[in-house]
Amino acid sequence: NYSTVSEYLDPEQTIQILNECFSAWVADVQAHGGTVLEFLGDGMLAVFGAPNDLANHPSQALYCLRAMISSMEQLNKSWSKSGLDKYWKRKNISQLGFRSGIHTGTVVEGNLGSLTQMKYAVVGDTVNVAARLEQLNKKLGSTIAVSGDTQA
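Since this is a predicted model, take the numbers as computed values, not measurements.

Conventions we followed
- Residues numbered from 1 in each chain as written.
- Predicted model: local features only at pLDDT ≥ 70, side-chain atom pairs only at ≥ 80, totals over all residues.
- Heavy atoms only, no water.
- Helix = DSSP H or I, 4+ residues; strand = E, 2+ residues; numbered from the N terminus.
- Rg over C-alpha atoms; globule rule 2.2 N^0.38 Å.
- Buried < 20%, exposed > 50% of the residue type's maximum accessible area, 1.4 Å probe, protein only.
- Contact = heavy atoms within 4.5 Å.
- Areas by Shrake-Rupley, 256 points an atom, 1.4 Å probe, with all protein chains shown as cover.
- Lys, Arg positive; Asp, Glu negative; His and termini not counted.
- Charge placed at Lys NZ, Arg CZ, Asp CG, Glu CD.
- Pairing = 2+ DSSP bridges.
- Phe/Tyr/Trp six-rings, centres within 6.5 Å; stacked < 30°, edge-to-face > 60°.
- Patch = residues over 30% accessible without salt bridge, like charges linked within 9 Å, V, L, I, M, F, W, Y side chains within 5 Å.
- Salt bridge = Lys/Arg side-chain N within 4 Å of Asp/Glu carboxyl O.
- Axes fitted to C-alpha atoms, helices over the stretch in contact; angles between N-to-C directions.
- Parallel < 35°, antiparallel > 145°, perpendicular 65-115°, else oblique.
- Left-handed = near helix turned anticlockwise from the far one by under 90°.
- Nonpolar A, V, L, I, M, F, W, Y, C, P; charged D, E, K, R; others polar.
- Core = buried A, V, L, I, M, F, W, Y, C linked by side-chain atoms within 4.5 Å.

Peer 1: Whenever I open this one, the overall build of the chain confuses me. Can you help?
Peer 2: Of regular secondary structure, the chain possesses 5 helices and 6 strands. Its C-alpha atoms give the chain a radius of gyration of 16 Å, within 12% of the compact-globule value 15 Å for 152 residues. Referenced to the eigenvectors of the C-alpha coordinate spread, the extents of the chain come out at roughly 45 × 40 × 30 Å. Counting the 152 residues in the chain, one finds 37% classified as buried. Within the chain, contacts between residues at least 6 apart in sequence are counted, and of these 54% link residues at least 24 apart. Working note: accessible area of the chain is about 9,200 Å², and carbon and sulfur atoms make up 51% of it. When the 12 basic and 14 acidic side-chain charges of the chain are each reduced to a single mean position, those positions are 10 Å apart.

Peer 1: So what exactly am I meant to see when it comes to the pairing of strand β1 (residues 34–40) here?
Peer 2: Each regular strand shows side chains that alternate between the opposite faces of the sheet. Both β1 and strand β2 (residues 43–48) contribute to a ladder of 6 bridges, which runs antiparallel. Residue F39 lies in a different strand from β2, and its bridge partner there is M44. Between β1 and β2, which pair antiparallel in sequence order, lie 2 residues; one of them, G41, sits at a positive phi of approximately 65 degrees.

Peer 1: Can you walk me through the packing of aromatic side chains in this structure?
Peer 2: Pairs of aromatic rings are described using the distance from one ring centre to the other and the angle between the two planes. What the rule picks out here adds up to 4 aromatic pairs. Between the aromatic rings of F22 and F39, the centroid separation amounts to 4.4 Å while the plane-to-plane angle is 45 degrees, which identifies the pairing as tilted. You can see F22 sitting in helix α2 (residues 11–31) and its partner F39 sitting in strand β1, a full 17 residues away along the chain. Take F39: its relative accessible area is 45%, and that puts it in the partly exposed class.

Peer 1: Explain the pairing of strand β5 (residues 118–123) to me, please; I cannot follow it from the model alone.
Peer 2: Of the pairings in the sheet, the one linking strand β4 (residues 108–113) to β5 comprises 6 bridges and is antiparallel in character. Bridged to N111 within β5 is Y120. From the end of β4 to the start of β5, which pair antiparallel, there are 4 residues.

Peer 1: Looking at this structure, I do not really get a nonpolar patch on the surface. What am I missing?
Peer 2: A cluster of nonpolar side chains, I69, I144 and V146, forms an exposed patch at the surface whose accessible area comes to about 190 Å². Relative to the assigned elements, I144 resides in strand β6 (residues 144–146).

Peer 1: In this structure, what is going on with the packing of α2 against helix α3 (residues 57–82)? I would like to understand it.
Peer 2: In helix packing, the relevant descriptors are the interaxial angle and the interaxial distance, both defined with respect to the helix axes. One can describe the packing of α2 onto α3 by two numbers: an axis separation of 9 Å at closest approach and a directional angle of 150 degrees. Relative to α3, α2 is oriented roughly antiparallel. For the element pair α2 and α3, the recorded crossing hand is right-handed. Contact residues: I17, E20, C21, A24, W25, D28 and V29 in α2; C64, A67, M68, S71, M72, L75 and W79 in α3. Of the residues assigned to the contact of α2 with α3, the class counts are 11 nonpolar, 1 polar and 2 charged.

Peer 1: Would you mind going over the side chain of S100 with me for this structure?
Peer 2: When you line up the elements, S100 lands in strand β3 (residues 100–102). Overall, the relative accessible area of 13% leaves S100 in the buried class. Beyond its immediate stretch of four places on either side in the chain, S100 contacts L65, E134, N137, T143, I144 and A145.

Peer 1: What is the right way to look at the nonpolar core in this model?
Peer 2: Most often, soluble globular proteins have nonpolar side chains that are buried together. In terms of nonpolar packing, the biggest core is built from 25 residues, with I17, C21, W25, M72, W79, W88 and L96 touching the most fellow members. Only α2, α3 and α4 (86–89) provide two or more residues apiece to this core. In this view, M72 contacts C21, W25, W79, L96, G97 and F98; residues no more than four positions away in its chain are not counted. Counting residues in each nonpolar core, the second largest holds 5 residues, with L37, V47, V122 and V127 among its members.

In structure tokens, the structure reads:
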């Protein structure tokens, strides 16, 4: 629901809210052994088990998701206290949330790019399925989709 709300925020408020979300979520990911690879507009890509091995990466991803939900609840309380939530309450959105897609499998990982610009990345069906699960939430009216291949 963030995209709907962002239309009613000024640029400074948009960046403030995104940075507050990302700061909390990055801390949650790192606390559970994951790595944030990139920010994608108002979303982010995090992986568990790459680039460093993490024996219990499916469990850690799910524990991280719980922490992110808790962080989001705290952020919503803070925005309510400051009055910033008036922008989404006008649209009958009680609070901001996020969608998540979690899938477990093999990825191709490494430095990807060109001679002048590179970044560490993961690619492959596993990444694509996770992205599709995240988008499936919108169609289903849910917020979390975890594939059957993710065994905690």
